[in-house]
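Residue strings, one per chain:
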Amino acid sequence: MYQFPKDFLWGAATSAPQSEGAALLDGKSPSTWDKWFEMEPELFYDGVGPKDTSNTYYCYKEDVANMKAMHLNSFRTSIAWTRLLPDGKTLNKKAVRFYRNYFTELIENGIEPIVNLFHFDMPWWLMEKGGWEARESVEHFAYYARVAFEQFGDLVKKWATFNEPLVHIECGYFGNAHWPKVRDFKRALQVGYHTLLAHAKAVAEYRKSIHGDGKIAIILNLSPVYAKSEAKADQEAAQWADLLYIRSFLDVAVYGRFPKELVTLLKEADLLPVTAQNDKEIFANNTVDFLGCNYYQPLRVQAPKNAHCPISEPRDLFNGYDWPQKRINPHRGWEIYPTGLYDIAMRLKNSYQNIPWFVSENGMGVSDEERFTNSEGVIEDTYRIAFIKEHLIALQRAINDGSPCFGYHLWTFADCWSWLNAYKNRYGYYRVELDDHFKRTPKSSSFWMADVILNNGFNHE
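Criteria and cut-off values
Residues numbered from 1 in each chain as written. Predicted model: local features only at pLDDT ≥ 70, side-chain atom pairs only at ≥ 80, totals over all residues. Heavy atoms only, no water. Core = buried A, V, L, I, M, F, W, Y, C linked by side-chain atoms within 4.5 Å. Buried < 20%, exposed > 50% of the residue type's maximum accessible area, 1.4 Å probe, protein only. Salt bridge = Lys/Arg side-chain N within 4 Å of Asp/Glu carboxyl O. Helix = DSSP H or I, 4+ residues; strand = E, 2+ residues; numbered from the N terminus. Pairing = 2+ DSSP bridges. Axes fitted to C-alpha atoms, helices over the stretch in contact; angles between N-to-C directions. Parallel < 35°, antiparallel > 145°, perpendicular 65-115°, else oblique. Left-handed = near helix turned anticlockwise from the far one by under 90°. Contact = heavy atoms within 4.5 Å. Nonpolar A, V, L, I, M, F, W, Y, C, P; charged D, E, K, R; others polar. Lys, Arg positive; Asp, Glu negative; His and termini not counted. 1 Å grid on protein atoms, 1.4 Å probe; cavity = no way out; pocket = protein on both sides within 12 Å on 5 of 7 lines; lining within 4 Å. Points joined across faces, edges and corners; volume = space filled by probe spheres on them.

Engineer: It is not clear to me how the nonpolar core should be interpreted in this structure. Could you clarify?
Structural biologist: As a rule of thumb, soluble globular proteins bury nonpolar side chains together. Among the nonpolar cores identified, the biggest contains 129 residues, and Trp 159, Leu 291, Leu 395 and Met 449 are the most heavily contacted of them. One finds Phe 44, Phe 120, Trp 417 and Trp 419 within the second-largest nonpolar core, a separate group that totals 9 residues.

Engineer: How should the pattern of salt bridges be read in this particular structure?
Structural biologist: Think of it this way: side chains of opposite charge can pair up when their charged atoms draw near. Scanning the model with the defined rule gives 33 salt bridges in all. For Asp 251, the salt bridge identified is with Arg 247, shortest N-O distance 3.2 Å. Highlighted residues: Asp 251 and Arg 247, both in helix α10 (residues 232–255), separated by 4 residues, approximately one helical turn. Residue classification places Asp 251 among the buried residues on the basis of a relative accessible area of 8%. The salt bridge involving Asp 415 is made with Arg 426; its shortest N-O contact spans 2.9 Å. In this pair, Asp 415 is assigned in the loop between β13 (405–411) and β14 (425–426) and Arg 426 in strand β14, connecting sequence segments 11 residues apart. No difference in accessibility class separates Asp 415 from Arg 426, as the two residues are buried. Put simply, Glu 369, Asp 381, Arg 384, Asp 415, Arg 426 and Lys 443 are held in one network by salt bridges that share partners.

Engineer: Could you clarify how one ought to interpret the sheet that holds strand β8 (residues 290–294) in this entry?
Structural biologist: Note: strands within a sheet are paired through backbone hydrogen bonds, in either parallel or antiparallel orientation. With parallel pairing, 8 strands are arranged side by side around a closed barrel as β2-β3-β4-β5-β6-β8-β11-β13. Going from strand to strand, the sheet's axes swing by 25° on average, the running direction of each strand aside. Bridge count between strand β3 (residues 74–78) and strand β4 (residues 112–118): 5 bridges; the pairing is parallel. Each bridged residue has a counterpart across the sheet, and for Ser 74 the counterpart in β4 is Glu 112.

Engineer: Please explain the packing of helix α8 (residues 165–173) against helix α9 (residues 185–207) as it appears in this structure.
Structural biologist: The description of two helices packed together rests on the angle between their axes and the distance between the axes. Here α8 crosses α9 at 155°, and the two axes come no closer than 9 Å. Classified by the angle between their axes, α8 and α9 sit roughly antiparallel to one another. When the axes of α8 and α9 are compared, the crossing they make is right-handed. Where α8 approaches α9, its residues Pro 165, His 168, Ile 169 and Tyr 173 are matched on the opposing element by Arg 187, Ala 188, Val 191, Gly 192 and Thr 195. Among the residues making up the contact of α8 with α9, the classes are represented as 5 nonpolar, 3 polar and 1 charged.

Engineer: Hey, could you run me through unusual backbone geometry in this one?
Structural biologist: Excluding glycine, a negative phi dihedral is what most residues carry, and trans is how most peptide bonds are arranged. Put simply, Trp 179 and Pro 180 share a cis peptide bond, and its omega is 15°. The topology assignment puts Pro 180 in the loop between α8 and α9. In the Ramachandran plot, Trp 419 falls in the positive-phi region, its phi being about 55° despite a non-glycine side chain. For Trp 419, the location among the structural elements is in the loop between β13 and β14.

Engineer: How should the sheet that holds strand β9 (residues 299–302) be read in this particular structure?
Structural biologist: Spatially, the 3 strands line up as an open sheet ordered β7-β9-β10, and their pairing is mixed. With one partner strand each, in any of the chains shown, β7 (225–227) and β10 (319–320) form the two edges of the open sheet. The pairing of β7 with β9 spans 3 bridges and is classified as parallel. Its bridge partner being in β9, Val 225 is matched across the sheet by Leu 299.

Engineer: I keep staring at the side chain of Glu 164 and nothing clicks. Help me out?
Structural biologist: Mapped onto the fold, Glu 164 is located in the loop between β5 (158–163) and α8. Nearest to the buried, unbridged Glu 164 among oppositely charged side chains is Arg 76, at 6.8 Å. Those residues in contact with Glu 164, other than ones at most four positions away along the chain, are Phe 120, Ile 219, Asn 221, Asn 294, Tyr 296 and Glu 361.

Engineer: Sorry if this is basic, but what is going on with the pairing of β3 here?
Structural biologist: A regular strand places its side chains so that they alternate between the two faces of the sheet. For β3, the tally of buried residues reaches 5 of 5 residues, placing the bulk of the element in the interior. Every second residue of β3 is oriented toward a common face, with Ser 74, Arg 76 and Ser 78 on one face and Phe 75 and Thr 77 on the other, all of them buried. Both strand β2 (residues 9–13) and β3 contribute to a ladder of 3 bridges, which runs parallel. Bridge pairing links Ala 12 to Phe 75 in β3.

Engineer: Mind showing me how you'd approach the layout of surface pockets here?
Structural biologist: Once rolled over the atoms, a probe with the size of a water molecule shows which space is left empty. Roughly 990 Å³ of volume is contained in the largest pocket. Considering the residues around the largest pocket, the lining is formed by 32 residues, among which Glu 164, Val 167, Cys 171, Asn 221 and Trp 334 are closest to the centre. Broken down by secondary-structure element, the contributors of at least two residues to the lining of the largest pocket are α8 and α10. Among the elements that take part in the lining of the largest pocket, α8 stands out by supplying 4 residues, more than any other. Classifying every residue of the lining of the largest pocket by side-chain character gives 16 nonpolar, 12 polar and 4 charged. Empty space within the second largest pocket amounts to approximately 780 Å³. What lines the second largest pocket is a set of 30 residues, among which Tyr 193, Phe 258, Leu 262, Leu 266 and Pro 273 lie closest to the centre.

Here it is in C-alpha cells:
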C-alpha cells in the first residue's frame, strides 16, 4: 500500500485566465491575452481565445460539487488582477463578491483554497507602460497583493505570489509564445529581476497584513536538469542550466539572495539588470514559508555547439539534448520521467533547508481525447491514471525518505484553456464540452483518484 501522510492535500490546480471566462464582463479590463487574441486570433488553436475559457465564473458551484464528489480537500486557482483592480487602482466590487463566493463555496464543502496572484495575465494598461520591464510594475503588483490580502485573507490561508515566473520571462522575452514575443536576453533578465522583486514585496505586504496569519509561497517549475554525459563540458552545461532556470529563482525564494555565480556571469557579460539601493534588503527579509513545485518533464542538456564568452544568450552556456531512451507521452510529445519528482524532493531536502512544499502541478496533456470515449460516454483515460500513479509512487518514496511534501495537485480539475494551444490538449479529471454549454463530464481518472483520496493512498498493482 502506498500510504500518504495524514492531512495530505489532494487537489487540482487551474488559473483565473484559463478557467474563469467572462473575460471582459462585470468590470474586468483586458490582459495581454485578451488584447493579443484581438490582434492576432489566427495564432490561437482553432481560433479559441480567452473570452469564455471554461466558464468557471458562472459554473463554480457545479465545479465545487464535482470536487466534493471526488473527495478533493484542496484546490489551487488564481485571482485575475484585471478583474480585481481593472485600472490598477479602483476596487471592483463585483470581483470581490465573485471571489468571496467562490472561496466560501470551496471552504463550505471541505476544500481549502490555495490562491495565486499572477498566472501570466499581465494587465494591458500596465503592459502599455512596459510590463515587467518597468520598475513601476513592482509597486503596482505590491499594491494589488495588499488589496487581495485585505479582501480575501480571512478566507485564504495559503497564498502564492507567482506561478512559474520562468515561463512569462522566457516565452515572452526570449520566444514568441507569450506577449510581447520578443527575443532579447537583457530585457528578459530585467523582467526576471522585477518579477522576483515584486514577489518579495508581495511577501512583505502579506507579513504586515491584518490577515497575514497564514503562509505564503511562490510556485516554480523545478524541472531537474540532467546532463547528456559525464563529460566535463556536459556537466558544466547542466550546472549553467540549473543556475539560470532553477537556482536563480529558488535561491531568492528560500535564501533571499541571488547566486554569486549568476551575478558574476551576468556582470562579465554586461547583462546585469538595473537595481535600486535597498533591493538586497527586500529580498533578504522576505523569504517564503513553503514552495509550490510544478513538474511535467525534466530538462536534458549538453555542451553548447558554439560557446561564446562573455555570453550573449543561454545557448552560449548549454544546448538542449534529446535523450534517445526517453519515454514519451505520445499524445503531447513530452517526456515521462517520474524519478524527476523524487530528485526534486531530495534537492529541496539537501540544498534548501528541507522546506515544506507541495506538488502544485503535475499532469498529462492529450489531444483529441474524445477518441477514448467508451459506450457509456466516459473518456477512459487509463494513460492519465498510469501517469499519476507512477508520479505518486515516486512522491511517496520521497516522503518516506524525509521530504516534507504535504500535497499533490493535478493540472487540472476541469479541462481548461491553454494559451496559444487553447483546448488542443486536455488535462482534466473532468471534460469540458465547449459546444455544449460547457457541460462537465467525469473521466475515468476522476473515479480512480476519488478512491485514492478516500483511502489516502493506493495498493500496488
